[in-house]
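The lines below spell out each chain.
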Amino acid sequence: MTPDTLVSFEGVVKRFGGFVAVQRLDFEIRKGEFLAIMGSSGCGKTTTLRMLAGLEAPSEGVIRLSGQPVNDLPTWRRDTPMVWQSLALFPFLNVRENVEFALKMRGTPKAERRRRAEQWLERMHIGEFAERNISQLSGGQRQRVALARSLVVEPEILLLDEPLSALDAALKVRMQSVLKNLQRETGITFVYVTHSQSEAFSMADRVVIMSRGKIEQIGTPQDIYRRPGTRFVAEFLGSSNIFQGTLARDAQGGSALETPLGSFATENITGLEAGAQATMTVLDTKTHLAAERPAGERNVLAARMIGEEFVGSVATIYLEAAGGQEIRVQKGHDQLAALPLEIGRELFVHWNPADAHIIAEA
Amino acid sequence: MSAHDPNRNRTVDRGLMIYLVLAYAFVFAPIAASFVFSFNSDRFPSLPLGSFTLDWYRAVADDPLVWSGARNTFIVGVIVGVISTLLGFGAAYTDYRYKFAGKQVYLALALLPPTIPVIILGLAMLAYLSRINLSGNALSVIISHVVVCAPFAMAIIRLRLSQMDPALEPAAWNLGASEWAAMRHVILPFCAPAIFGALFITMALSFDEFAVAWFVSGLNETLPVKVLGFLQGQVSPRINAIGTFVFILSMTLVILAQLLLSRRDARPADEE
């Protein structure tokens, strides 16, 4: 625990009957960071957030908030406001009353809470809707009300449970920058639970990736993207080509991974012995395509093109190597223009050994 | 009529309309007849009608027995409404909020009383209340009516709670509301339409309830019991007058409840 630590999970386990939702969490949330907890549904991310808010009690372990154990502290004494997936705005109160709610519960005098509510409504650009009913607002406006309602008490930490999932794509992107700026300006620690990689990676300082109630990896988005810690993370992110095999010394005295698709040279095997089982990941942006077998390349793989997908200025080419393994190559359109791209045609995929990342596991 | 909807058959539509009118006519004809004859000067209900008169209403208004019956009915109805709604709310909230072993049994028992034949319930109430010396007064009617009415209140409030976003109450705690504060500032305002609806419905139920009241009321007869007394003694158009009055009162309560319950996103007056 460092002076930077705001929240720590120490050996936290959560069971629902026989089902283990969260198994032995040990991690820390730093003051002022934007932390995203990401995983598919049922991975335990929401349970983790709810335990922090005091809505679920840990079966084992301790959760500390500013150094103090909070396991026995009821939700209403925690000061961990949350933005709910459903937003959970009070339908029988108008916008201003919703925002004032937390202050009213804390016994703030009427004039003061009105002033602070209005300040936050202005800040969220919804001042003009103060007297409206919740049912008269659009999705984006409700989102802002929910944020104002939670932030009006100026907490140290804000919990967000997939708050953008109900918005359309364009609004989602706009709200992401609203959230990121808000977090930067206020310095409030944000803990953001999501299943969306783009939300987590575009906003968070650090990302926690969870699967089956366990943390797979914690790191900056860059770190996780470039160096996935486990095969699961690489597969979950879906932007790497994955090869499995056994490490070996090659003829030049370098290292290579022996896979059913061939032997691929690598330079990043710190701490691994020859003979170890390992997984190699190569980002789809770091793989290259050629029409003829390129001379002088150490990692070359013949594969048949099976499809392509356009996303803005780049395209992803899907290929199938021997044994049915799918290979992805992402390139700009002008780079692809020179290639004979036809479905069923054999092309050569190659990559630089320095761009291959090795994960020490079978 | 606006443009014809090609997905509908005119003949079937017309047939259904006629069926609906006939069904309502069948249901409401006796009540309408009672209403009409309550203003008729003839002593026996027969056609053609005699002249218009308010004599029967006057006779009813002059009868002290009717007034005492009406007073009993009113007092019992209001108290039953309040107690049933309180109990119903408690039962519905318990069902909403908590998971516990035997919850199905709890629910079945809570909703059971209205399914018991009223004669059996009336007899059982009489036997039980007389054993503990509570029979034959207004209190015994109140107790018996609460047994019958509380499940209705529970059903109405339970329905409302089931429409509530399950995150609403935890959201209130999360914003610093204790359980009591969340109850007062979130659950009660959200349920307010259903609570008032339940209050009016249970009052109307109690006003109209005859069988159980007949068994347990003793000398403190409610109006429906009194009406039976009239019928046994003599056939008088006064009954039509009382019937019309009771019908209008009950309908008013039921319609009030309907209005409350069908209002969407109802918002109570600003409390401060």
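This structure is a prediction, so every number in the text was calculated from the model and none was measured.

Draft legend 1. Representation of the sheet that holds strand S9 (residues 206-211) of chain A within the structure. All names here are of chain A. Read from one edge of the open sheet, 6 strands run S6-S7-S8-S3-S9-S10, paired in mixed fashion. The strands lining the two open edges of the sheet, one partner per strand, are strand S6 (82-83) and strand S10 (214-219). Relative to S10, S9 runs antiparallel, the two being bridged by 5 bridges. Across the sheet, residue isoleucine 209 finds its bridge partner in S10, namely glutamine 217. Docked against the sheet, helix H1 (residues 45-53) engages strand S3 (34-38), S6, strand S7 (157-161), strand S8 (189-194) and S9, running at close to 145 degrees with respect to S7.

Draft legend 2. Summary view of the pairing of strand S19 (residues 346-351) of chain A. All names here are of chain A. With respect to burial, S19 is a largely interior element, 5 of its 6 residues being buried. Pairing geometry for strand S15 (residues 288-290) and S19, over 3 bridges, is antiparallel. Along S19, the bridge assignment pairs alanine 290 with phenylalanine 348.

Draft legend 3. Layout of the packing of aromatic side chains. Under the definition given, this model contains 17 aromatic pairs over all chains. Ring plane angle 70 degrees and centroid distance 6.5 Å describe the contact between Phe92(A) and Phe190(B), whose orientation is recorded as edge-to-face. Of the two residues, Phe92(A) is situated in the loop between S6 and helix H2 (95-105) and Phe190(B) in helix H8 (residues 179-208); the pairing between them involves two chains. Owing to a relative accessible area of 7%, Phe190(B) belongs among the buried residues under this scheme. With 4.9 Å between their ring centres and 55 degrees between their planes, Phe264(A) and Trp351(A) make a pair best called tilted. Of this pair, Phe264(A) sits in strand S13 (residues 262-266) while Trp351(A) sits in strand S19, and the two are 87 residues apart along the sequence. Phe264(A) gets classed as buried once you look at its relative accessible area, which sits at 1%. Each member of the aromatic cluster is reached from another via a ring pair, and the members are Phe90(A), Phe92(A), Phe101(A) and Phe190(B).

Draft legend 4. Highlighting the interface of chain A and chain B. At the interface, 28 residues of chain A touch 25 residues of chain B. Together chain A and chain B conceal approximately 2,200 Å² of surface at their shared face, both sides included; 63% is due to carbon and sulfur atoms. When the buried area of chain A at its contact with chain B is split by residue, Trp76(A), Phe92(A) and Met105(A) rank highest and sum to 33% of it. Summed over the shared surface of chain A and chain B, the number is 4 residue pairs in polar contact (both at pLDDT 80 or more). Elements supplying a minimum of two residues to the side of chain A that touches chain B: H2, helix H3 (110-123) and helix H4 (139-151) of chain A. Top contributing element to the side of chain A that touches chain B by residue count: H2(A), with 5 residues. Its residues assigned to classes, the side of chain A that touches chain B comprises 15 nonpolar, 7 polar and 6 charged.

Draft legend 5. Structural context of the sheet that holds strand S5 (residues 68-69) of chain A. Ordered in space as S2-S1-S4-S5 (chain A), the 4 strands form an open sheet in which the pairing is antiparallel. Bordering the open sheet on either side are strand S2 (19-30) and S5 of chain A, each of which pairs with just one other strand.

Draft legend 6. Summary view of H2(A). When you tally the buried positions in H2(A), you get 10 out of 11 residues, the bulk of the element. For H2(A), the set of buried residues is Val95(A), Arg96(A), Glu97(A), Asn98(A), Val99(A), Glu100(A), Phe101(A), Ala102(A), Leu103(A) and Met105(A). In the core, the buried residues of H2(A) are packed alongside H3 and H4 of chain A together with helix H7 (168-174) and H8 of chain B. Taking the backbone nitrogen of Arg96(A) as reference, a side-chain oxygen 3.2 Å away marks Asn94(A) as the first, capping residue of H2(A). One or two residues past the end of H2(A) sits Gly107(A), with phi positive at roughly 75 degrees.

Draft legend 7. Quick peek at the UniProt feature "domain: ABC transporter" (unreviewed entry) in chain A. The UniProt record annotates "domain: ABC transporter" (unreviewed entry) at residues 7-237 of chain A. Segment residues 7-237 of chain A splits into 37% helix and 26% strand. End C-alpha atoms: 27 Å apart.

Draft legend 8. Focus on the state of the cysteines. Residue and element names in this part refer to chain B. A complete count under the given rule lists 0 disulfides over all chains for this structure. Distance from the sulfur of cysteine 191, which forms no disulfide, to the nearest cysteine sulfur (cysteine 149) is 19 Å. Overall, the relative accessible area of 0% leaves cysteine 191 in the buried class.

Draft legend 9. Quick peek at the UniProt feature "transmembrane region" (unreviewed entry) in chain B. Residues and elements named next belong to chain B. Sites flagged by UniProt as "transmembrane region" (unreviewed entry) map to residues 16-39, 74-93, 105-128, 134-157, 186-207 and 239-261. Taken end to end, residues 74-93 comprises 100% helix and 0% strand; its first and last C-alpha atoms sit 28 Å apart. Summarising residues 105-128: 75% helix, 0% strand, and an end-to-end C-alpha distance of 23 Å.

Draft legend 10. Region of interest: the packing of H2(A) against H3(A). All names here are of chain A. Orientation of H2 relative to H3, taken along the N-to-C sense of each, is 125 degrees, at an axis distance of 9 Å. The angle between the axes of H2 and H3 places the two elements in the oblique class. In this structure, H2 meets H3 at a crossing whose hand is right-handed. In contact with Val95, Arg96, Val99, Glu100, Leu103 and Lys104 of H2, H3 contributes Arg113, Arg114, Arg116, Ala117, Glu118 and Leu121. Its residues placed into classes, the contact of H2 with H3 shows 5 nonpolar, no polar and 7 charged.

The rules behind these values
In every chain, residue numbers begin from 1 and rise along the written sequence. Both sets of labels track the order of writing: A upward for chains, 1 upward for ligands. In keeping with the model being predicted, local features are shown solely for residues with a pLDDT of at least 70 and side-chain atom pairs are shown and tallied solely at 80 or more, while totals for entire chains, interfaces and linings include all residues. The basis for every side-chain value is the complete set of non-hydrogen atoms in the structure, without hydrogens or water. In short, DSSP must find at least two bridges between two strands for them to pair. Where helices and strands are cited, they refer to DSSP runs of H or I of at least four residues and of E of at least two residues respectively, numbered from the N terminus. Every residue pair with non-hydrogen atoms within 4.5 Å of one another is taken to be in contact. Fitting a line to C-alpha atoms yields each axis, with helices limited to the stretch in contact; the angle taken between N-to-C directions then spans 0 to 180 degrees. Partly exposed residues are those whose accessible area sits between 20% and 50% of the maximum for their type, while under 20% is buried and over 50% is exposed, using a 1.4 Å probe and protein chains only. In this analysis, rings of Phe, Tyr and Trp, with Trp reduced to its six-membered ring, are considered paired at centre separations within 6.5 Å, and the interplanar angle assigns stacked below 30 degrees, edge-to-face beyond 60, and tilted for intermediate values. Simply put, the buried area is the total loss of 1.4 Å probe accessible area from both parts when two parts are fitted together. Under this definition, polar contacts are N or O atom pairs within 3.5 Å; protein pairs additionally need one hydrogen-donor-capable and one acceptor-capable atom, and for neighbouring residues in sequence, both atoms have to be side-chain atoms. When residues are grouped by polarity, Ala, Val, Leu, Ile, Met, Phe, Trp, Tyr, Cys and Pro land in nonpolar, Asp, Glu, Lys and Arg in charged, and all others, Gly among them, in polar. UniProt positions are given in the numbering used here, feature names are shortened, and annotations may be inferred rather than shown by experiment. Only a pair of cysteine sulfur atoms within 2.5 Å counts as a disulfide in this structure description. Roughly parallel covers angles under 35 degrees, roughly antiparallel covers those over 145, roughly perpendicular covers 65 to 115, and oblique covers all other angles. Take the far helix as the reference: if the near one is turned anticlockwise from it by less than a right angle, the crossing is left-handed, and if turned clockwise, right-handed.

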